[in-house]
Amino acid sequence: MIQVKDIKKSFHQTEVLKNISFQVEQGEVVVIIGPSGSGKSTLLRMMNFLEIPDEGQIIIDSKKIHFDRKRRKHRNDAEICSLRSDVSMVFQNFNLFEHKTALGNVIEGSIMVRKMAKEKAIHQGKEFLQKVGLEGKENNYPHELSGGQKQRVAIARALAMRPKAILFDEPTSALDPELVGEVLAVIKKLAEEGMTMVIVTHEMGFAKEVGDRVIFMDGGYIVESGPPKKVFENPESERLKQFLSRFSNVV
Amino acid sequence: METILTFLPALLQGTLITIELTLLSLIIALVIGLITAFARISNNFFFNKVAGVYISIIRGTPLLVQLMYIYFVFPEFGIKLSAFSAALIGLSLYEGAYLAEIFRAGIKSIGKGQLEAAYAIGMNYSMAMRRIILPQAIKNVLPPIGNSAILLLKNSSLAAVIAVNELMHTGENLATTTFRNIEIFTLVAIIYWILHYPMDRVVNLLERRMSNDSGQRH
C-alpha cells in the first residue's frame, strides 16, 4: 500500500532521517513512537509529500516517486499533488479552514479536487460528520468548536477524500486531556473498519491497543519494530527500554 | 455665501475628476498589488527581484517626483501622455506598491498549516491560494487597504502639479483668479473631508467586526 525506501533527509546540516525503509500493508494500523526530535513527524509528513526527501523512493499504491539530490522536486509538483489526495493527513493543530463551516471543511476537497456534484458532496459530508459524532455541528465555524470537535472535523475532512490511507500526526497532542478520549475513539472505530492508518502518537496505551505494528524511532533511525505486545513487553534495544520506562505508569 | 455658491459648480466638476482618478487608480492598484505580492512570495528569483526593485523605487521616492517624472521625463523617451493618464499611471503604481506589501503581509499572516491542509486534500498551489489562503488573507487586510485608499484619495491632490483638473487644481485656479483664498481652500478641504468620511466609516466597521471575530476565536 505505502512503501518507503532508503529515505534520507537533512534540514540544513542536521540529518533527520538516516536511511529509513518500511512498508504499510492494506488495512494495517502502524503506530510510530519515539522521543521528540527522532524524525517521526518528518517521516509521516513525507508520506504526504509535505516534506520532500533528499534521497529515496516513496511508493503509494504502486505509483512510484523517486527522489534524489540532483533533481529536487518541489512539494507543489503536479505529480505529487495528484498522489496526495489518495493519502489524507490529520494534523496536530487541526488546521481546519477557519473561513469555512465544519461542513464546508469536509466538502471542500470533494467538490474542488474530486469534482463531485455539490448536493452529493453535502450529503456525503453530513454522513462523515455524523460518523465522527458531530451531527448538528455542520454550520459551526472552527472557532466555535472545542479542540476535540475540531480534530473530529479534521478526521471527517480526511475521510471525505475517500483516501486509501490516513496519516495522523500526533492527533491528540494539542488537546486538553479530557478531550483526548473522544478523538481516540473515532480513530479506533476507523481501525476496526479496516482503514489503513499510520499514526504518530505519544499515547502509549492507545498505541498498544489499536496498533497492528509499532515502530520505534530514535535519532533518525528505525530502532525496533514489531507487534505491540512484543515492542511494549519485550523490548530488545536499550534505547526502547529507556524510552518506555518513562511511560511505565501509562502502559 | 453667494460667492461660495458661485465657486461650487467648478469645484464639484473637479471633485468628479478626483473621484474618477481615485477609483480608477485604486482598481488598477489592487490588480498590480496582488500580482506584485505573489511575485514577492514566489520562489522565482527573477519575479521576486523585479517586484522587490519596483516596491523599493516607489517607496523610496516621493510621489510628487514620480508624477513629475512620468509627465515630463517620459515624453523625452517618446512616451507622451495626457496629464490625466500620467496621474492615473503614477497613482496606480504608487498605490500598487503599498497594496503589494499589505497583501503580502496578509498572506504571510495565514499560518502555514492552512496551506498544508489544502495540500493534504490534494489541492495544488494556485487552488489552495484561491480557495483557502486568499479569502482569509483579504478579509484580514481589508482595514489596512481601506486606510491606504483614504491616503490615495488625498494623494490624488498631487496631480494638481501636472495640471490635472481635479479638485485641488480647480481650487488653485479659482484662487489665483479671484483671490478668495479663505472660501475656496476651506471648501476644498471640506469636500476632501466629505469624500473621505464614508471610507473611514467602512474601515471602522471592518475593524470592529474583525476584533469581534478574534475575540470569539480565543
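Scroll up to find the structure this text is about.
What you see is a predicted model; the values in this text were computed from it and never measured.

> Could you give an account of the interface of chain B and chain A, with specific residues and numbers?
Contact with chain B, which involves 22 residues of that partner, is made by 27 residues of chain A. Between chain B and chain A lies a buried interface of about 2,100 Å² when both sides are counted; carbon and sulfur atoms form 59% of it. By the criterion of area lost to chain A, the three top residues of chain B are B:Glu116, B:Tyr119 and B:Ile121, representing 29% of everything that side buries. Taken together, the links from chain B to chain A amount to two salt bridges. Residue B:Arg131 is joined to A:Glu108 by a salt bridge in which the shortest nitrogen-to-oxygen separation is 2.7 Å.

> Explain unusual backbone geometry residue by residue, including any values.
At A:Asp6, a residue that is not glycine, the phi angle is positive and equals roughly 50 degrees. Looking at the secondary structure, you find A:Asp6 in strand S1 (residues 2-11). Judged by relative accessible area, A:Asp6 falls into the partly exposed class, the value being 43%. Located in the positive-phi region is B:Ala163, a residue other than glycine, with phi close to 60 degrees. Here B:Ala163 shows up in the loop between helix H6 (125-155) and helix H7 (167-178).

> Before we move on, could you go through the sheet that holds strand S5 (residues 63-67) of chain A and cite the residues and values that matter?
Backbone-to-backbone hydrogen bonds join strands into a sheet, with any given pair of strands oriented parallel or antiparallel. Residue and element names in this part refer to chain A. In spatial order, the strands read S2-S1-S4-S5; together these four strands make up an open sheet with antiparallel pairing. Strands with a single pairing partner mark the edges of an open sheet, and in this sheet they are strand S2 (14-24) and S5. Strand-to-strand, the axes of this sheet are offset by a mean angle of 15 degrees, without reference to chain direction. Sheet analysis places S1 next to S2, joined by eight bridges and oriented antiparallel. Considered in S2, the bridge of isoleucine 7 is made with isoleucine 20.

> A description of the packing of aromatic side chains should follow, citing residues and the corresponding values.
Summed over all chains, the structure comprises seven aromatic pairs over all chains. Aromatic side chains B:Phe46 and B:Phe47 sit 5.9 Å apart centroid to centroid with 55 degrees between the ring planes, which places their arrangement in the tilted category. Each ring, one from B:Tyr71 and one from B:Phe72, has its centre 4.9 Å from the other, and the planes form 70 degrees; the classification is edge-to-face. Note on B:Tyr71: relative accessible area 24%, which makes it partly exposed. On the basis of relative accessible area, B:Phe72 is assigned to the partly exposed category, the value being 46%. A cation sits over an aromatic face here: A:Arg157 above A:Phe97, 4.5 Å from the ring centre.

> So, the pairing of S1(A): which residues are in play, and what are the values?
All names here are of chain A. Where S1 folds back on S2, the antiparallel hairpin that results is connected by two residues, among which histidine 12 adopts a positive phi of roughly 55 degrees. Taken together, the five bridges between S1 and strand S4 (residues 55-60) define a ladder with antiparallel strand orientation. Counterpart to glutamine 3 in the pairing with S4 is isoleucine 59.

> Kindly report on H7(B), identifying the contributing residues and their values.
All names here are of chain B. Counted at 1.5 Å a residue, the expected span for H7 with its twelve residues is 16 Å, and the 16 Å between its end C-alpha atoms agrees. Buried within H7 we find Leu167, His169, Thr170, Gly171, Leu174 and Ala175. Between a side-chain oxygen at the N-terminus of H7 and the backbone nitrogen of methionine 168 the separation is 3.2 Å; the capping residue is glutamate 166. Positive backbone phi, at 60 degrees, marks phenylalanine 179, one or two positions downstream of H7.

> A description of the sheet that holds strand S8 (residues 197-200) of chain A should follow, citing residues and the corresponding values.
All names here are of chain A. In spatial order, the strands read S6-S7-S8-S3-S9-S10; together these six strands make up an open sheet with mixed pairing. Each having just a single partner strand, strand S6 (87-90) and strand S10 (221-226) make up the two edges of the open sheet. Here the average twist between neighbouring strands, direction ignored, is 20 degrees. Judged from the four bridges that link them, strand S7 (residues 165-169) and S8 form a sheet pairing that is parallel. Note that in S8 the partner of leucine 167 across the bridge is valine 198. Together, S6 and S7 form the strand contacts of helix H5 (residues 147-160), whose direction differs from that of S6 by roughly 175 degrees.

> Would you mind going over the environment of B:Arg40 in detail, with residue names and values included?
Residue and element names in this part refer to chain B. Take arginine 40: it is sitting in helix H1 (residues 2-41). For arginine 40, a relative accessible area of 26% puts it in the partly exposed group. Considering only alpha carbons, one finds arginine 40 and isoleucine 121, 81 residues apart in sequence, at a separation of 26 Å. Dropping the residues within four chain positions of it, arginine 40 is found in contact with Asn48, Ala51, Gly52, Ile55, Glu101 and Arg104.

Thresholds applied
Residues numbered from 1 in each chain as written. Chains lettered and ligands numbered in written order. Predicted model: local features only at pLDDT ≥ 70, side-chain atom pairs only at ≥ 80, totals over all residues. Heavy atoms only, no water. Contact = heavy atoms within 4.5 Å. Buried area = accessible area lost by both parts, 1.4 Å probe. Salt bridge = Lys/Arg side-chain N within 4 Å of Asp/Glu carboxyl O. Helix = DSSP H or I, 4+ residues; strand = E, 2+ residues; numbered from the N terminus. Buried < 20%, exposed > 50% of the residue type's maximum accessible area, 1.4 Å probe, protein only. Pairing = 2+ DSSP bridges. Axes fitted to C-alpha atoms, helices over the stretch in contact; angles between N-to-C directions. Phe/Tyr/Trp six-rings, centres within 6.5 Å; stacked < 30°, edge-to-face > 60°. Lys NZ or Arg CZ within 6 Å of the ring centre and 35° of its normal. Expected span 1.5 Å × (residues − 1). Polar contact = N/O pair within 3.5 Å; in protein donor to acceptor, adjacent residues only side chain to side chain.

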